[in-house]
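Report on the structure
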Amino acid sequence: MPFSEMHTQAPDALSIRWRVNVSPGRGLDHLTDPRHLGEWLGEPLKFEREIGGEVRVDHGDGYVCRSVIHAADGSGFACSWKFPDEHETRIEVRFVAEDPDRSILELRHVGLAELRASYIPGWMTHLTFFEASVEGAPMPPGQFWNLHGSFAGLAEPM
């Protein structure tokens, strides 16, 4: 049963809860495994999992996001998030058990300010790709922008 919930009450934050058919531990392992990063986020150029470690991900055509891990435990992590043409923000990800084989991925992206609206379709698309990846059926990368466009259209007022 698909499920997602989004909150945008804070003027500079975006919070998304996304149900995935995987245990929290397996979900976090998959989310932070550089072998699977290309299936849902982008190609890892550098991936240091420890606190203080650096993560660099190419989102396509050399557009690289740089992150530093600030906190991590068995259910999630927090890190900075910085693209070259944007101010630095912060993401927090946590997996919460719903039952033994299903969990809620809670993503909170803070410090977005005027960028918040542009991140809504992006995170919805990345989480759709993550869900397919963790369930063993990665989506074709060429579908990313088609799906992103659909989510962007849904986010626009009618």
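Below or above, wherever it landed, is the structure these notes cover. (Residues numbered from 1 in each chain as written. Predicted model: local features only at pLDDT ≥ 70, side-chain atom pairs only at ≥ 80, totals over all residues. Heavy atoms only, no water.)

**A look at the layout of surface pockets**
What the largest pocket holds in volume is close to 650 Å³. Lining the largest pocket are 25 residues; nearest its centre among them are L41, H59, H126, F144 and W145. Those elements giving two or more residues to the lining of the largest pocket turn out to be α2 (34-40), α3 (116-134) and α4 (144-155). Here the element with the most residues in the lining of the largest pocket is α3; it accounts for six residues. Looking at side-chain class alone, the lining of the largest pocket contains twelve nonpolar, eight polar and five charged residues. Here the second largest pocket defines a volume of roughly 410 Å³. Along the walls of the second largest pocket sit 27 residues, with L31, T32, F47, I69 and F77 positioned nearest its centre. (1 Å grid on protein atoms, 1.4 Å probe; cavity = no way out; pocket = protein on both sides within 12 Å on 5 of 7 lines; lining within 4 Å. Points joined across faces, edges and corners; volume = space filled by probe spheres on them. Helix = DSSP H or I, 4+ residues; strand = E, 2+ residues; numbered from the N terminus. Nonpolar A, V, L, I, M, F, W, Y, C, P; charged D, E, K, R; others polar.)

**A closer look at the packing of helix α1 (residues 24-31) against α3**
For the pair α1 and α3, interaxial distance at closest approach is 11 Å and the crossing angle is 110°. Considering the angle they form, α1 stands roughly perpendicular to α3. In terms of crossing hand, the pair formed by α1 and α3 is right-handed. Note on element contacts: α3 touches α1 through F130, S133 and V134, opposite R26, G27, H30 and L31. Here the residues of the contact of α1 with α3 sort into three nonpolar, three polar and one charged. (Axes fitted to C-alpha atoms, helices over the stretch in contact; angles between N-to-C directions. Parallel < 35°, antiparallel > 145°, perpendicular 65-115°, else oblique. Left-handed = near helix turned anticlockwise from the far one by under 90°. Contact = heavy atoms within 4.5 Å.)

**Quick word on α3**
One full turn of an α-helix is made of 3.6 residues, so residues set three or four places apart face in the same direction. Taking 1.5 Å per residue as the helical rise, α3 with its 19 residues ought to reach 27 Å, and the 26 Å between its terminal C-alpha atoms agrees with that figure. Extensive coverage of α3 is indicated by the burial of 17 of its 19 residues. Where α3 ends, the next residue or the one after it, G136, has phi of about 85°, a positive value. (Expected span 1.5 Å × (residues − 1). Buried < 20%, exposed > 50% of the residue type's maximum accessible area, 1.4 Å probe, protein only.)

**A few points about the state of the cysteines**
Put plainly, two cysteines are in a disulfide when a covalent bond ties their sulfur atoms together. Counted by the stated rule, this structure contains zero disulfides. Summary of cysteine pairing: C65 is not part of a disulfide, and the nearest cysteine sulfur, belonging to C79, is at 7.7 Å. Given a relative accessible area of 4%, C79 falls into the buried group. (Disulfide = S-S within 2.5 Å.)

**Focus: the nonpolar core**
One finds L105 and W123 to be the most contacted residues of the largest nonpolar core, which totals 35 residues. Counting residues per element, this core draws most heavily on α3, which supplies eight residues. Excluding anything up to four places from it in sequence, L105 contacts I16, R17, W18, L31, V93, R94, F95, L127 and F130. (Core = buried A, V, L, I, M, F, W, Y, C linked by side-chain atoms within 4.5 Å.)

That's the geometry; what it means functionally is another story.
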